[in-house]
Amino acid sequence: MYTYQPTVFNQIFSLIKHQFWSLSGQLNTQWRVFNHESLLKVLLFAQMTGKESLRDLETWLQAESNKLYHIGLKSTSRSTISYRNNKVDPGIYEKLFYTIYNQYKSMFSSSIDLGIKCIAMDSTLISLALSMYDRAKYRSKKWWMRLHIWLDISECLPRFCVITDGKKWDNLIAKQIVADNKIQSWEMIVFDRYYVDFTLWKMIDQHQAYFVTRTKTNTQYQVIQEYTHKWAWIIYDAQIQLSWQHASEKYDQTLRIVRFYDIKTDTIYEFITNNFELSAEQIANIYQHRRSIETFFRRIKQNLKIKSFLWTSEHAVRNQIRVALIYFVLLRYLIESIKCGKQQALKLCRLIAQKCMDSIGISELYAICKSKTARCLTLTFHPPDSLFH
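Now for a quick tour of the structure. (Residues numbered from 1 in each chain as written. Predicted model: local features only at pLDDT ≥ 70, side-chain atom pairs only at ≥ 80, totals over all residues. Heavy atoms only, no water.)

Let us look at the overall build of the protein chain. A tally of regular secondary structure across the protein chain gives 14 helices and 10 strands. By the burial criterion, 53% of the 389 residues in the protein chain qualify as buried. Long-range contacts, defined here as pairs at least 24 residues apart, represent 62% of the contacts in the protein chain between residues at least 6 apart. Approximately 19,300 Å² of the protein chain is accessible, and the part contributed by carbon and sulfur atoms is 49%. (Helix = DSSP H or I, 4+ residues; strand = E, 2+ residues; numbered from the N terminus. Buried < 20%, exposed > 50% of the residue type's maximum accessible area, 1.4 Å probe, protein only. Contact = heavy atoms within 4.5 Å. Areas by Shrake-Rupley, 256 points an atom, 1.4 Å probe, with all protein chains shown as cover.)

Now for a nonpolar patch on the surface. A contiguous nonpolar patch, built from Trp 169, Leu 172 and Tyr 194 and spanning about 350 Å² of accessible area, is present on the exposed surface. Note on placement: Tyr 194 falls in the loop between strand 5 (188–190) and helix 8 (198–206). (Patch = residues over 30% accessible without salt bridge, like charges linked within 9 Å, V, L, I, M, F, W, Y side chains within 5 Å. Salt bridge = Lys/Arg side-chain N within 4 Å of Asp/Glu carboxyl O.)

Our next topic: the side chain of Arg 146. Residue position: Arg 146 is located in strand 3 (residues 142–152). Given the relative accessible area of 11%, Arg 146 is considered buried.

It is worth spelling out helix 10 (residues 280–288) at this point. Every α-helical turn comprises 3.6 residues, leaving residues that sit three or four positions apart pointing alike. For helix 10, every residue scored as buried is listed here: Ala 280, Ile 283, Ala 284, Ile 286 and Tyr 287. The arc that holds every buried residue of helix 10, seen down its axis, measures 160 degrees, which confines them to one face. (Arc of directions from axis to C-beta.)

Here we take up the environment of Lys 230. Among the secondary structure elements, Lys 230 is positioned in the loop between strand 7 (221–226) and strand 8 (234–242). A C-alpha to C-alpha distance of 9.2 Å links Lys 230 and Ala 280, two positions 50 residues apart in sequence.

With that settled, consider the pattern of salt bridges. This structure, assessed with the given rule, holds 16 salt bridges. Ionic pairing is found between Arg 322 and Glu 94, a salt bridge with its closest N-O pair at 3.7 Å. Pair noted here: Arg 322 is in helix 12 (residues 314–338) and Glu 94 is in helix 6 (residues 90–104), with a separation of 228 residues, a long-range link. Its relative accessible area of 29% is what places Glu 94 among the partly exposed residues. Here the salt bridges do not stand alone but share partners, grouping Lys 117, Asp 152, Glu 155, Arg 159 and Glu 187 into one network.

In this section: the nonpolar core. With 98 residues, the main nonpolar core has Ile 16, Met 188, Ile 286, Leu 334 and Ile 352 as its most contacted residues. Per-element tally for this core: the top contributor is helix 12, with 16 residues. Apart from the residues lying within four places of it in its own chain, the contact partners of Ile 352 are Ile 12, Met 48, Tyr 327, Leu 331, Leu 334 and Leu 365. Within the second largest apolar cluster, 32 residues are counted, among which are Ile 119, Val 178, Trp 201 and Ile 240. (Core = buried A, V, L, I, M, F, W, Y, C linked by side-chain atoms within 4.5 Å.)

With that out of the way, let us pick up the environment of Glu 281. Among the structural elements, Glu 281 can be located in helix 10. On the accessibility criterion, Glu 281 (23% relative accessible area) is partly exposed. Between the C-alpha atoms of Glu 281 and Arg 259, which are 22 residues apart in sequence, the distance is 9.9 Å.

Take a look at the structure:
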């Protein structure tokens, strides 16, 4: 008896299909031939396979026209795709990203236990071509967009994502996110010295949350009380009061200074925080894990298509970045399903790019990733029940 096997693309798209339908509502009725779902499929496929240009994407749609009906698409010209992509509201993909994140975050294992929920806050610049992206002017000879990320350190997943032009200051976006009640009580926000903003610190205090960052070289404070410490690499731990005149006017609460000696780099780091409950060792350990957001930026730039774009309009660029982050969450879900290592995860990404239009089970890709040989194995085990909806 013949059993229909959906393509790899269909099996991955099924993870977000119902969520997208609930968000798009009646928008699909406005476009009868090439609707919002078709546009999402095209963007997701371009992200999976890393298409280098819009013409390359159009050529693939024409070459694979006999297989497109399997994924609910038709061969479409690049002008039609561009027109729809420029018209669609980026807010749809933003809402879809948060929906997917909230649905699958509980399935991701946490390998880091810091004793408190920690969020790393930072941004990265995405370089753009001078002659094509006139809305992203950063300097006279540099045109960039800025990607602001609030990363959940324990899950290594972006909780919030804001896309702005390169001139937008990081602390302004941070204050906007805090003002929108996006942080929860008793969370620890970790950021570098660029976010030394006393108004931001006060807003975090008002939400009953904590922060930790490094002090600037010209930080002035008065010591109120010194604490004893047991760990050899903690040099100093004390309760302090800022003595800057402009600082005391904006932030008059007592803070805590922790000095940590890093034996690997032979460097002394000084941290400042509003948390007095955690030990000095935990404060130093939490800030050391801030580098996970830098690792996250490196991974998405190396493995996702966000350094070059198929379209140049502001809406189109934002849509591609949002879809790239959605695909990152889906990849994390697939990787967590088989508990594979780093090399196996890279192998799975490449297999998806090569086999996305083939009618084989995801479990076969899992088997190939875990096998040391290059043979395509038969269906030896079943994927998780939650993989198909």
